[in-house]
Amino acid sequence: MNKLKAVYLNEVYKISKKKKITVAAVLSVVAVAVAAVAVYLVNNFSGIRVTGSSELSILVLQVMSYTLIPLFVTFVAVDMFGGEFSDVTMKITLTAPATRLKIYLGKILAIASFIAANLLAIMVLSLIASFFVGIGMPNVVRIFFAYVLAFFPLLIYAMTVVLISNLIRGTTGAFMVSILVFLLFIGAGILFPQIKSFLFTASFDWYRLVLGSFINVGKLLRVFMILAGYAVMLFGCGFYLFEKRDL
Amino acid sequence: MDNAIVINGLTKKYKNSRGIEDVSLTIERGDIFGFLGPNGAGKTTAMKIMVGLMKPDRGNVLINGFSILTDYEKAMQSVGCIIESVNPLTYMTAYENMKLVARMHDHVPDARIDECLEQTGILKFKNERTKNFSLGMKQRLGIAMAILPNPKILILDEPLNGMDVEGMVEMRLLFLRMAKEGGTTFFISSHLIHDIELTCNKVGILYQGKRLGVETTESILQNYASLENYYLSEVGFNE
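### A few points about the overall build of chain B
A count of helical and extended segments in chain B gives 9 helices and 10 strands. Computed over C-alpha atoms, the radius of gyration of chain B comes to 18 Å, within 12% of the 18 Å expected from 2.2 N^0.38 for 239 residues, which places it in the range of a compact globule. Over its C-alpha atoms, taken along the principal directions, chain B stretches across nearly 50 × 40 × 40 Å. Intrachain contacts of chain B at a sequence separation of at least 6 include 65% that bridge at least 24 residues.

### Quick look at the sheet that holds strand β9 (residues 202-207) of chain B
Residues and elements named next belong to chain B. Spatial ordering of the open sheet is given by β6-β7-β8-β3-β9-β10, a layout of 6 strands whose pairing is mixed. Pairing within the sheet leaves two strands with one partner each, and these edge strands are β6 (79-82) and β10 (210-216). The mean inter-strand angle of the sheet, taken between neighbouring strand axes irrespective of direction, is 15°. Here strand β3 (residues 32-36) pairs with strand β8 (residues 185-189) via 4 bridges, running parallel. Paired with F35 across the bridge in β8 is S189. Across the sheet, helix α6 (residues 165-182) lies against β3, β7 (153-157) and β8, angled at about 150° from β8, the strand it touches most. Lying on the sheet, helix α9 (residues 227-234) is in contact with β3, β9 and β10; it crosses β10 at an angle near 150°.

### Some details on the pairing of β9(B)
Residue and element names in this part refer to chain B. Here β9 lies mainly inside the structure; 5 of its 6 residues are buried. Where β9 meets β10, 5 bridges bridge the pair, whose relative direction is antiparallel. By the bridge assignment for β10, K202 is matched with T216. The antiparallel pairing of β9 with β10 creates a hairpin that spans 2 residues between the two strands, and Q208 there sits at a positive phi of about 50°.

### With respect to helix α7 (residues 140-167) of chain A
For α7(A), which comprises 28 residues, the first-to-last C-alpha distance of 41 Å matches the rise-based estimate of 40 Å (1.5 Å per residue) to within 8%. In terms of burial, α7(A) is a largely internal element, 20 of the 28 residues being buried.

### Re the sheet that holds strand β1 (residues 3-13) of chain B
Hydrogen bonding along the main chain pairs the strands of a sheet, whether they run parallel or antiparallel. All names here are of chain B. Strands sit in the order β2-β1-β4-β5 across an open sheet of 4 strands; the sheet is antiparallel. The open sheet terminates on both sides in strands that have one partner only, identified here as β2 (19-28) and β5 (66-67). Across 5 bridges, the pairing between β1 and strand β4 (residues 58-63) is antiparallel. Counted as the bridge partner of I7 is V61 from β4. Contacts between helix α1 (residues 43-50) and the sheet are confined to β1, β2 and β4, with β1 contributing the most and set at about 120° to the helix.

### Section: the interface of chain B and chain A
Of the residues lining the interface, 30 residues belong to chain B; the matching set on chain A comes to 27 residues. Overall, the association of chain B and chain A removes approximately 2,600 Å² of surface from exposure, summing both partners, and the carbon and sulfur fraction of that is 57%. For the pair chain B and chain A, the interface holds 3 salt bridges. Notably, a salt bridge pairs E73(B) with K102(A), separated by 2.8 Å at the nearest N-O pair. Linking chain B with chain A are 17 residue pairs in polar contact (both at pLDDT 80 or more). Residue assignment for the side of chain B that touches chain A shows that the elements contributing at least two residues are α2 (72-76) and α3 (94-103) of chain B.

### Let's talk about the pairing of β2(B)
Regular strands show a simple pattern: their side chains alternate between the two faces of the sheet. Residue and element names in this part refer to chain B. Two elements, β1 and β2, share 7 bridges in a ladder whose sense is antiparallel. Each bridged residue has a counterpart across the sheet, and for I7 the counterpart in β2 is L25. Turn length for the β1-β2 hairpin, with the two strands adjacent in sequence and antiparallel, is 5 residues, and the turn residue S17 shows positive phi of about 65°.

### Points about α9(B)
Think of an α-helix as 3.6 residues a turn; residues three or four steps apart then line up on the same face. Considered for burial, the residues of α9(B) that qualify are L227(B), Y230(B), Y231(B) and L232(B). Looking at the buried residues of α9(B), the elements they touch are β3, α7 (193-199), β9, β10 and α8 (217-223) of chain B.

### Observations concerning the pattern of salt bridges
All names here are of chain A. Inspection of every chain in the model, using the stated rule, returns 20 salt bridges over all chains. Residues E84 and K107 are paired through a salt bridge, measuring 3.2 Å at the closest nitrogen-oxygen approach. Of the two residues, E84 is situated in helix α4 (residues 68-86) and K107 in helix α6 (residues 100-133); the sequence distance between them amounts to 23 residues. Just as E84 is buried, K107 falls in that class too. Each member of the salt-bridge network shares a partner with another, and the members are E11, K14, E84 and K107.

### Details of the side chain of N10(A)
Residue position: N10(A) is located in helix α1 (residues 2-16). Among the residues examined, N10(A) registers a relative accessible area of 6% and is labelled buried. Other than its neighbours up to four places away in sequence, N10(A) contacts K99(B), L100(B), R103(B) and M104(B).

### Quick notes on a nonpolar patch on the surface
All names here are of chain A. Judged by side-chain polarity, L120, V124, I128, F131, F132 and M137 come together as a nonpolar surface patch covering roughly 660 Å² of accessible area. Within the element layout of this structure, V124 appears in helix α6. For V124, a relative accessible area of 39% puts it in the partly exposed group.

Each value, and the rule that gives it
For every chain, the first residue of the written sequence is number 1, and numbering continues from 1 onward in sequence order. Each chain takes a letter, starting from A, and each ligand takes a number, starting from 1, following the order in which they are written. In view of the model being predicted, local features appear only for residues whose pLDDT reaches at least 70, and side-chain atom pairs are presented and counted only at 80 or more, with totals across whole chains, interfaces and linings using the full set of residues. Note that water and hydrogens are dropped before the side-chain values are worked out from all heavy atoms of the structure. Note on conventions: DSSP H or I runs of at least 4 residues are helices, E runs of at least 2 residues are strands, and numbering of each starts at the N terminus. The quantity called the radius of gyration is restricted to C-alpha atoms. Its globule counterpart is 2.2 Å times the number of residues to the power 0.38. Residues are treated as being in contact if the distance between any of their heavy atoms lies within 4.5 Å. A pair of strands is labelled paired if DSSP reports no fewer than 2 bridges between them. Angles run from 0 to 180 degrees between N-to-C directions of axes, and those axes are lines fitted to C-alpha atoms, restricted for helices to the stretch in contact. Partly exposed describes any residue whose relative accessible area lies between the buried limit of under 20% and the exposed limit of over 50%, with all areas from a 1.4 Å probe on protein chains only and scaled to the type maximum. Here the expected span of a helix is defined as 1.5 Å times the quantity of residues minus one. Accessible area that two parts lose when put together, evaluated with a 1.4 Å probe and summed over both, is termed the buried area. Salt bridge, as applied in this entry: a Lys or Arg side-chain nitrogen positioned within 4 Å of an Asp or Glu carboxyl oxygen. Throughout this description, a polar contact denotes any pair of N or O atoms lying within 3.5 Å of each other; where both atoms belong to protein, one of them has to be capable of donating a hydrogen while the other can accept it, and for residues adjacent in sequence the pair is counted only when both atoms sit in side chains. Each patch groups residues whose relative accessible area exceeds 30% and which form no salt bridge, using 9 Å between like charges and 5 Å between nonpolar side chains of Val, Leu, Ile, Met, Phe, Trp and Tyr. The accessible surface values rely on the Shrake-Rupley method and a 1.4 Å probe; as for residues, cover is taken only from the protein chains in view.

Keep in mind that these numbers describe shape and distance, not what the molecule does.
In structure tokens:
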């Protein structure tokens, strides 16, 4: 457990030291600010009301979970695996007294923390922005649960990127293939609606299930089980490749 | 005497049929073992397997009695290493790179980081990003990272690569002091045969993936004019 904690702390430390994280933070603030200003202008000057205070956070989540967050996740996950293998800095991690399982798990947990921190930052920023653009108090509890649910499909996507960057040598290739897979999954969901519910990208907006007046617990459970299935398969396959890989 | 490292029938073949074949070695505790061989003999391959960066096709390595294949954590608990080259994270400072190693071991205070950077002569660069480090400075940082947790065994692949003469002498003295005062076992590969002669008390030769002789430096120097002569005679080189 101590070794897993040490690996996790090292990986979080590495993420925090990267310039890309500063860029991600700045872009997140800008994205929330742009959304807030846009909503304010439309609500006050166009004669129509596009969103209330609660929905601003959901609107931001909807846009960010399909665009910037997957992009940041791809950068971080590819850097953490393909990047470290390419520039051989993975040697520092692999020669430490920790099994590859702990190293792999520690890295996945660090990526999960990055996603959670990203979502939390966007949620807080959008809630603050809500006070300036909306009418009344936002429903913080529902918004919180929506953001919690949004975390899971993003983690599955991150694990897909991890699998790809253990499969493909080189960071550029892994990055391109990851983005392509993301777009293909979304495209397949649109073109073949009959298989949509089995694609993890279809659950990117499953948080909507907790926003209505009726919460369909059965459907929530079904989607969660599908995501859990993805998690087990992706973790198993990714770890198999990571464990086998020579440096 | 108990054994620090036991290598049993280590075999690893690449697609180009190079690699190592059936290499066995025993390094006793407190030894400073020099691993000699020409380029492509398989020294780095053997050392990568010893620290778990590569899986062997056959064979095993026991470090402090623990198998590198089945008891990795215990085997590597008291091992420091440099393999092939030193590749610190370039977006971090020397101190931050050291901190990555420190976290993986129990009880490594910041004072120990300073002590290791001082011993390797780069304390004044502690807060500089390693992006701008020269090859020699990276080697010094690699050695500092390897000795940080006070390991009982050091596995060093070309540790003096890219260092100036002053640096080479400083590091050699550091290794000799660690072996004498702390009983640290060293497994060092180097193409600097003179340096091996001055540092190591035992020498093994790897040639075309196979282990040739293993002798003490003392007995070699009794029978040959220099370690270089012994090496050339072992690999069958005729001038």
